[in-house]
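# Observations on chain architecture
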Amino acid sequence: MIIAIIVVSCLLAAGLVALFVTVQVMWHRTYKKALPNGEERPKQSAKEWFMNHMPTKRRLIQVYAALLYNANIKGFISGDIYKSETSKYMCVPGLNCYSCPGAVGACPLGALQNAFTSSATSASYYVLGILGLFGLILARTICGFLCPVGLGQDLLYKIRTPKLKKSRATRVFSYLKYVILIVLAVGIPLVYAVWNTPLPGFCKYICPAGTFGGAVLLLLNPSNADTFASLGPLFTWKFCLLVAIVVAAIFIYRFFCRFLCPLGAIYGFFNRIALLGVKVDKDDCIDCGKCVAVCKMDVKRVGDHECINCGECIPVCPTKAISWKGSKLVLAGIDTSVLEEEKAPLKAMAVKGKTVEARVADDTEIVKTEIANTEPVNTELAATDIEEQ
């Protein structure tokens with residue numbers, strides 16, 4: 001069995017390398033070295049290249065979140081899973097496997113399946129509550145900013161290859177993750193809970209985060225070399241699926257997030273009512289469609305269940321109708337009527353729509369005009385009048 005697994009893994013790796021080389025050759029043949037106007041692409045210095053490739057704030061937040069989720073550096077060295085009676089029972093917002101050697105928290109999707117398997121009638125109030133809390137506050141902003149799996153796919157998509165753009169077909173396939181949510185993440189755990197047999201369907205048969213973090217990273221450690229004997233067809237299936245998802249993420253933007261992730265499906269239900277995210281001012285929107293066109297996700301409109309709230313649509317809006325929602329939450333508890341009363345004297349000082357500064361400037365110009373129109377004083381006559389007196 002071990003020999004078969006090694007052979008299959010080598011074949012998959014060789015196929016991946018061959019595919020990557022083929023795509024690179026095709027890319028260099030089709031890549032135009034000239035600009036659309038016919039001019040040659042200007043050569044960049046090392047400093048210019050570095051400045052043009054500086055990580056964005058969103059990318060930095062993604063990296064910080066991934067490091068925070070996997071802050072147990074000791075686990076990567078020893079090859080052991082971190083276990084704690086406090087932090088390990090707390091769910092992190094994004095998809096991060098509990099069994100990863102560096103994980104300091106639990107995966108909310110795995111915790112949800114375990115809650116379903118523990119009872120055929122009710123799930124843990126904590127898991128449902130924490131998912132509801134994450135959804136009401138952030139929703140799919142978690143997918144865009146706080147998910148390590150999303151970060152990995154974003155980096156894979158940066159590899160220069162021909163890309164498969166979104167279409168009606170991808171929009172239809174985007175509903176597959178809701179089927180996976182109902183069948184694997186909810187249905188199978190509940191059915192097997194009737195026979196007191198815990199079976200987290202998604203984690204066991206699909207989850208790439210569990211395969212990479214909970215299996216590959218542990219197997220790479222020499223202290224876990226004896227676990228190779230326990231590997232079977234299930235691991236081979238999941239490893240092949242992981243390789244397929246990695247390859248697909250190079251050509252298709254966020255392949256796993258768009259088509260397979262049930263956690264993103266859950267957060268999608270909260271996207272419109274979440275406190276944080278992107279919003280569109282309907283009064284300023286002209287329905288030009290530039291926001292939907294620039295978005296790589298299968299959105300029909302900004303902020304729907306497929307939107308990951310990455311904010312890439314904000315700068316392309318010609319009327320600036322798209323903005324971040326939730327930026328004024330700090331004013332929620334303030335009585336705005338008091339603020340209006342304080343502004344009343346300032347409003348009274350405004351004349352014909354002018355500000356206070358404009359009014360002061362106008363008064364200054366009037367004074368200067370009056371001084372200029374005043375007749376000059378004859379100093380000799382003034383001195384004679386004083387002597388006569």
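The sections below set out a description of the structure shown in this document.

Thresholds applied
- Residues numbered from 1 in each chain as written.
- Predicted model: local features only at pLDDT ≥ 70, side-chain atom pairs only at ≥ 80, totals over all residues.
- Heavy atoms only, no water.
- Helix = DSSP H or I, 4+ residues; strand = E, 2+ residues; numbered from the N terminus.
- Buried < 20%, exposed > 50% of the residue type's maximum accessible area, 1.4 Å probe, protein only.
- Phe/Tyr/Trp six-rings, centres within 6.5 Å; stacked < 30°, edge-to-face > 60°.
- Lys NZ or Arg CZ within 6 Å of the ring centre and 35° of its normal.
- Axes fitted to C-alpha atoms, helices over the stretch in contact; angles between N-to-C directions.
- Parallel < 35°, antiparallel > 145°, perpendicular 65-115°, else oblique.
- Left-handed = near helix turned anticlockwise from the far one by under 90°.
- Contact = heavy atoms within 4.5 Å.
- Nonpolar A, V, L, I, M, F, W, Y, C, P; charged D, E, K, R; others polar.
- Polar contact = N/O pair within 3.5 Å; in protein donor to acceptor, adjacent residues only side chain to side chain.
- Salt bridge = Lys/Arg side-chain N within 4 Å of Asp/Glu carboxyl O.

By the element assignment, K320 lies in the loop between α16 (290-294) and β2 (322-325). The class for K320 is exposed, based on a relative accessible area of 59%. In this structure the C-alpha to C-alpha distance between K320 and D281, which are 39 residues apart in sequence, comes to 8.6 Å.

What follows covers the packing of aromatic side chains. Following the criterion strictly, the structure yields eight aromatic pairs and no others. With a centroid separation of 5.2 Å and 80 degrees between ring planes, the pair formed by Y157 and Y253 is classed as edge-to-face. On the criterion of sequence distance, the pair formed by Y157 in helix α8 (residues 148-157) and Y253 in the loop between α13 (233-251) and α14 (255-259) is long-range, its members being 96 residues apart. Judged on exposure class, the residue Y157 and its partner Y253 are both buried. Note on Y178 and F269: the rings are 5.7 Å apart at their centroids and 50 degrees apart in plane angle, and the pair reads as tilted. Note that Y178 is positioned in helix α10 (residues 176-193) and F269 in the loop between α15 (262-268) and β1 (277-280), a separation of 91 residues in sequence. An aromatic cluster is defined as three or more aromatic residues linked by ring pairs; in this entry it consists of Y175, Y178 and F269. Cation over ring: R58 sits above F145, and NZ or CZ is 5.9 Å from the ring centre. Sitting above the plane of the Y157 ring, K163 keeps its charged end 4.4 Å from the centroid.

The next point concerns the packing of helix α5 (residues 108-118) against α10. In contact at an axis separation of 7 Å, α5 and α10 are set at 25 degrees when each is read in the N-to-C sense. Of the possible angle classes, the one that applies to α5 and α10 is roughly parallel. Once α5 is placed against α10, the crossing between them reads as right-handed. On α10, the residues touching L109, Q113, F116 and T117 of α5 are L184, A185, V186, P189, L190 and A193. Counted by class, the contact of α5 with α10 contains eight nonpolar, two polar and no charged residues.

Right, let's talk about the side chain of E306 for a bit. Counting through the fold element by element, E306 comes out in the loop between α16 and β2. Overall, E306 belongs to the buried group, its relative accessible area being 1%. Side chain to side chain, E306 and K177 meet in a polar contact 2.8 Å long. Discounting chain neighbours no more than four positions away, the residues touching E306 are R140, S174, K177, Y178, R258, M297, D298 and V299.

Going through the model one piece at a time under the given rule, you end up with eight salt bridges. Put simply, R58 and E312 hold a salt bridge, and the shortest N to O gap is 3.9 Å. With R58 in helix α3 (residues 57-69) and E312 in the loop between α16 and β2, this pair connects stretches of sequence that are 254 residues apart. We classify R58 as buried; its relative accessible area is 10%. According to the relative accessible area criterion, E312 is partly exposed, its value standing at 32%.

Function cannot be read off these values alone, since they describe shape.
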